[in-house]
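Chains, contacts and geometry: an overview
Each chain is listed here by its residues.
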Amino acid sequence: MIMDNLSSPESKLARQKGRLEYRQSITKYPEFKILDKLVQDPHASVADAVQQTLNLTVNAVASEAGLGVHPWHTFVALLEIAKQTSPDEHVKLVEYVLRLQKDTVIDETTGEPLKDTDGLLVWKELPAFGYTAHDDWNEFDVSDPENTPEESRRWLNMIAFLAQLSSAAEIDYKNLSPSDVDFSFWSIWAFNALKPEGDRIFPTDVAIRAASVWLVYAGDRLWANIKNGKAFNKVGDDPGTVITREMWQTWKQALVLVKATSIDEEARKLVDEALDKMSRISAE
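In short, a report on the structure. The structure displayed is predicted, hence computed values, not measured ones.

Let us now look at the overall build of the protein. Across its full length, the protein carries 11 helices and 4 strands. For 284 residues, the compact-globule estimate of 2.2 N^0.38 gives 19 Å, and the C-alpha radius of gyration of the protein, at 20 Å, lies within 12% of that figure. Its C-alpha atoms give the protein principal-axis dimensions of about 60 × 55 × 45 Å. Counting only residues that meet the buried cut, the protein has 45% of its 284 residues in that class. Sequence separation of at least 24 residues holds for 66% of the intrachain contacts in the protein that already meet a minimum separation of 6. By element, 53% of the accessible surface of the protein is carried by carbon and sulfur atoms, the whole surface being about 15,500 Å². One finds the centroid of the 31 positive side-chain charges in the protein at a distance of 5 Å from the centroid of its 45 negative side-chain charges.

Let's shift gears to the nonpolar core. Judged by nonpolar contacts, the single largest core of 84 residues is most densely connected at Y96, F129, W155, F161 and W214. It is helix 9 (residues 205-227) that provides the largest number of residues to this core, a total of 13 residues. Contacts of F129, omitting those with residues within four sequence positions, involve F75, L78, L79, V97, F161, L162, L165, D180 and F183.

A few words on the layout of surface pockets. There is about 750 Å³ of room inside the largest pocket. Considering the residues around the largest pocket, the lining is formed by 30 residues, among which P178, S179, D180, D182 and N233 are closest to the centre. Of all the elements in the fold, those that place two or more residues in the lining of the largest pocket are helix 6 (129-138) and strand 3 (231-232). Tallied by class, the residues present in the lining of the largest pocket amount to 17 nonpolar, 7 polar and 6 charged.

Turning our eyes to something else, we now look at the packing of helix 5 (residues 91-100) against helix 7 (residues 149-168). Contact geometry of helix 5 with helix 7 gives a least axis separation of 10 Å together with a crossing angle of 50 degrees. When the interaxial angle is binned, helix 5 and helix 7 end up oblique. In this structure, helix 5 crosses over helix 7, and the sense of that crossing is right-handed. Here L93, V94, V97 and L98 of helix 5 lie close against helix 7, whose contacting residues are F161, Q164, L165 and A168. Taken together, the residues that form the contact of helix 5 with helix 7 break down as 7 nonpolar, 1 polar and no charged.

This part takes up helix 2 (residues 30-40). Taken together, the buried positions of helix 2 are E31, F32, I34, L35, L38 and V39. In an axial view of helix 2, the angular spread of the buried residues amounts to 160 degrees, which keeps them on one side of the axis. Turned more than 90 degrees away from the buried face of helix 2 sit K33 and Q40, all of them exposed.

Here the residue pair V122 and W123 is connected by a cis peptide bond, since its omega of 5 degrees sits within 30 degrees of zero. In this structure, W123 sits in the loop between strand 2 (112-113) and helix 6. Within the chain, L126 stands out as a residue other than glycine whose phi angle is a positive 45 degrees. Even without a glycine there, the phi angle at A128 is positive, about 80 degrees. Within the secondary structure, A128 sits in the loop between strand 2 and helix 6.

Moving on, we get to the side chain of S166. Mapping S166 onto the fold places it in helix 7. Within polar-contact distance, the side chain of S166 engages the backbone oxygen of L162 at 2.7 Å. Setting aside its immediate chain neighbours within four residues, S166 contacts V181, D182, F183, S184, W214 and R221.

What follows deals with the packing of aromatic side chains. A complete count under the given rule lists 14 aromatic pairs for this structure. Where F75 meets W123, the ring centres are 5.8 Å apart and the plane angle is 75 degrees; that geometry is what we call edge-to-face. One end of the pair, F75, is in helix 4 (residues 70-84); the other, W123, is in the loop between strand 2 and helix 6, and 48 residues separate them in sequence. Both residues of the pair, F75 and W123, belong to the buried class. For the ring pair W137 and W186, a centre distance of 5.3 Å and an interplane angle of 70 degrees mean the geometry is edge-to-face. Of this pair, W137 sits in helix 6 while W186 is found in the loop between helix 7 and helix 8 (187-192), placing the two residues 49 residues apart along the sequence.

Analysis parameters
Residues numbered from 1 in each chain as written. Predicted model: local features only at pLDDT ≥ 70, side-chain atom pairs only at ≥ 80, totals over all residues. Heavy atoms only, no water. Helix = DSSP H or I, 4+ residues; strand = E, 2+ residues; numbered from the N terminus. Rg over C-alpha atoms; globule rule 2.2 N^0.38 Å. Buried < 20%, exposed > 50% of the residue type's maximum accessible area, 1.4 Å probe, protein only. Contact = heavy atoms within 4.5 Å. Areas by Shrake-Rupley, 256 points an atom, 1.4 Å probe, with all protein chains shown as cover. Lys, Arg positive; Asp, Glu negative; His and termini not counted. Charge placed at Lys NZ, Arg CZ, Asp CG, Glu CD. Core = buried A, V, L, I, M, F, W, Y, C linked by side-chain atoms within 4.5 Å. 1 Å grid on protein atoms, 1.4 Å probe; cavity = no way out; pocket = protein on both sides within 12 Å on 5 of 7 lines; lining within 4 Å. Points joined across faces, edges and corners; volume = space filled by probe spheres on them. Nonpolar A, V, L, I, M, F, W, Y, C, P; charged D, E, K, R; others polar. Axes fitted to C-alpha atoms, helices over the stretch in contact; angles between N-to-C directions. Parallel < 35°, antiparallel > 145°, perpendicular 65-115°, else oblique. Left-handed = near helix turned anticlockwise from the far one by under 90°. Arc of directions from axis to C-beta. Polar contact = N/O pair within 3.5 Å; in protein donor to acceptor, adjacent residues only side chain to side chain. Phe/Tyr/Trp six-rings, centres within 6.5 Å; stacked < 30°, edge-to-face > 60°.

Right under this line is the structure:
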């Protein structure tokens, strides 16, 4: 049997068509329409959007299908809109997530807090958000030089949203439990993409931008993690990973090095903004 060449132009076109059809299907979700209006309508309020989401939740639970894919639809829609919009349009989306998280829905049939099939509280533990964001993150290969400008822009917009959400999150560093709205640990993957690998000596343009975006929009959270010795992915006897001052300096040096390469002016300005943010934060 002849295997299909995934890198062939035909395969790439087929995947692009599939992604476009999938995105178009998301726009039909009622969850998408709520969040799209929140971003597009300057008079739309976060409080109303949250209440509309809660109404959908109650209706879903009362239906024959039950809660079902409603949480997943909510966060698929959220991330799709974040990808479509620029970072300065993410303010209400960030506030939406933080306010939604404060609501715990009561299951009227049991009188107990509603949980999804994984046992996560709706909406306190933001069911489906983590794995949906992770899936979206992994669908993009930052090291692929053939990424289209549109796909790169969408992915960077998503990172900017996750970075802003991480920065806005209220983190109790005395509580060792992971936060459902702090994605700052993922920045390590972005910084690792700046390192030479195999035949690739210099990072791709989108890799440079991704690392810079984390620092521009979540540099304060990263620095707070360092100062508080925050351990990520700590399970049992595994001490997890701690972001250190040495890592911070390594990231800074990497950005200084890439700035000296032949990157375009827009990327250079973003790197400068990131380096300036690092200097101001670490000086405080």
